[in-house]
Amino acid sequence: MNFNPEHPTLSKCLTCRDGREGDHGDVRGGARLARALCSLTAQQGSDATLRGVRCKSQCKRACIVSLTAPGAFTYLFGDLDPTDPAHLQAILDLIPLYSKAPERFLTRDARPEPLRATILGRLPPLGTASDLVTELQQVQA
Ligand code: FES
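This structure is a prediction, so every number in the text was calculated from the model and none was measured. (Residues numbered from 1 in each chain as written. Predicted model: local features only at pLDDT ≥ 70, side-chain atom pairs only at ≥ 80, totals over all residues.)

Visitor: Describe the overall build of the protein, with residues and values.
Guide: If you tally the helices and strands in the protein, you get two helices and five strands. Since a compact globule built from 141 residues should have a radius of gyration of about 14 Å, the 16 Å found for the protein is in line with a globular shape. Dimensions along the principal axes, computed over C-alpha positions, put the protein at roughly 55 × 40 × 30 Å. The proportion of buried residues among the 141 residues of the protein is 29%. Sequence separation of at least 24 residues holds for 66% of the intrachain contacts in the protein that already meet a minimum separation of 6. (Helix = DSSP H or I, 4+ residues; strand = E, 2+ residues; numbered from the N terminus. Rg over C-alpha atoms; globule rule 2.2 N^0.38 Å. Buried ≥ 20, exposed ≤ 12 C-beta atoms within 10 Å, placed from the backbone. Contact = placed C-beta atoms within 7 Å.)

Next comes the structure, spelled out in structure tokens:
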């Protein structure tokens, strides 16, 4: 794996089941999504590091991908269809948008359309200056 901390990392769950394994030689949906994304990035190029993860604890929302980078917002997406070219292209299109955004924060409208309703999580980085985050005072019991 060619990890570069300046570049985002796209993580794909390899073990998600999409219910169509029987049509694909028992290859899981997550593995098929990963294969399709690797193929598309080989054709179109991407500066993201790609990695596979075995389960991201969102199994009921298969297939799952996330995008993260040091000091950046992390995004988690689900309900992705490994056979839908629009989903595959949206994931690839997201990467340069993410790379260019301050703190890599993307509003709903700034994300490719298939990645608006499919978002499962948006986690701010530690030490963020984002006004989405409020520091809370600890209260002594
Ligand atoms: S198997 Fe993919 S999130 Fe659990």
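Visitor: Give a detailed account of the packing of helix H1 (residues 29–44) against helix H2 (residues 85–100), specifying residues and quantitative values.
Guide: At a minimum axis distance of 10 Å, the contact between H1 and H2 shows a crossing angle of 55°. Judged on the interaxial angle alone, H2 and H1 are oblique. For the crossing formed where H1 meets H2, the hand is right-handed. Only Leu88, Ile91 and Leu92 of H2 make contact with H1, whose side of the interface consists of Ala36, Leu37, Leu40, Thr41 and Gln44. (Axes fitted to C-alpha atoms, helices over the stretch in contact; angles between N-to-C directions. Parallel < 35°, antiparallel > 145°, perpendicular 65-115°, else oblique. Left-handed = near helix turned anticlockwise from the far one by under 90°.)

Visitor: An account of the nonpolar core is needed here, citing residue identities and associated values.
Guide: Judged by nonpolar contacts, the single largest core of 26 residues is most densely connected at Cys63, Ile64 and Val65. Elements represented by at least two residues in this core include exactly strand E1 (9–13), H1, strand E3 (65–68), strand E4 (74–77) and H2. Filtering out sequence-adjacent residues up to four positions away, cysteine 63 remains in contact with Cys13, Cys16, Asp18, Gly29, Gly30, Leu33, Leu80 and Pro82. (Core = buried A, V, L, I, M, F, W, Y, C linked by C-beta atoms within 7 Å.)

Visitor: Before we move on, could you go through H2 and cite the residues and values that matter?
Guide: Relative to the 22 Å expected for 16 residues at 1.5 Å per residue, H2 spans 24 Å between its end C-alpha atoms, a close match to the ideal helical length. The set of residues buried in H2 consists of His87, Leu88, Ile91, Leu94 and Tyr98. Buried positions along H2 lie against H1 and E3. (Expected span 1.5 Å × (residues − 1).)

Visitor: Requested: an account of the environment of leucine 80, with residues and values cited.
Guide: Structurally, leucine 80 is set in the loop between E4 and H2. Using a count of 26 C-beta atoms within 10 Å as the deciding quantity, one classes leucine 80 as buried. In contact with leucine 80, not counting residues within four places along its chain, are Leu33, Cys63, Val65, His87 and Thr118.

Visitor: Pulling in residues and values, what's your account of the sheet that holds E3?
Guide: The sheet built from five strands is open, its strands ordered E2-E1-E3-E4-E5 with mixed pairing. Each edge of the sheet is formed by a strand with only one pairing partner; in this case those strands are strand E2 (49–53) and strand E5 (119–123). Each neighbouring strand pair of the sheet contributes to a mean axis angle of 15°, computed without reference to strand direction. As paired elements, E1 and E3 share four bridges and run antiparallel to each other. The residue bridging serine 11 from the neighbouring strand is serine 66, located in E3. This element, H1, spans E1 and E2 of the sheet and lies at about 150° to E1. (Pairing = 2+ DSSP bridges.)

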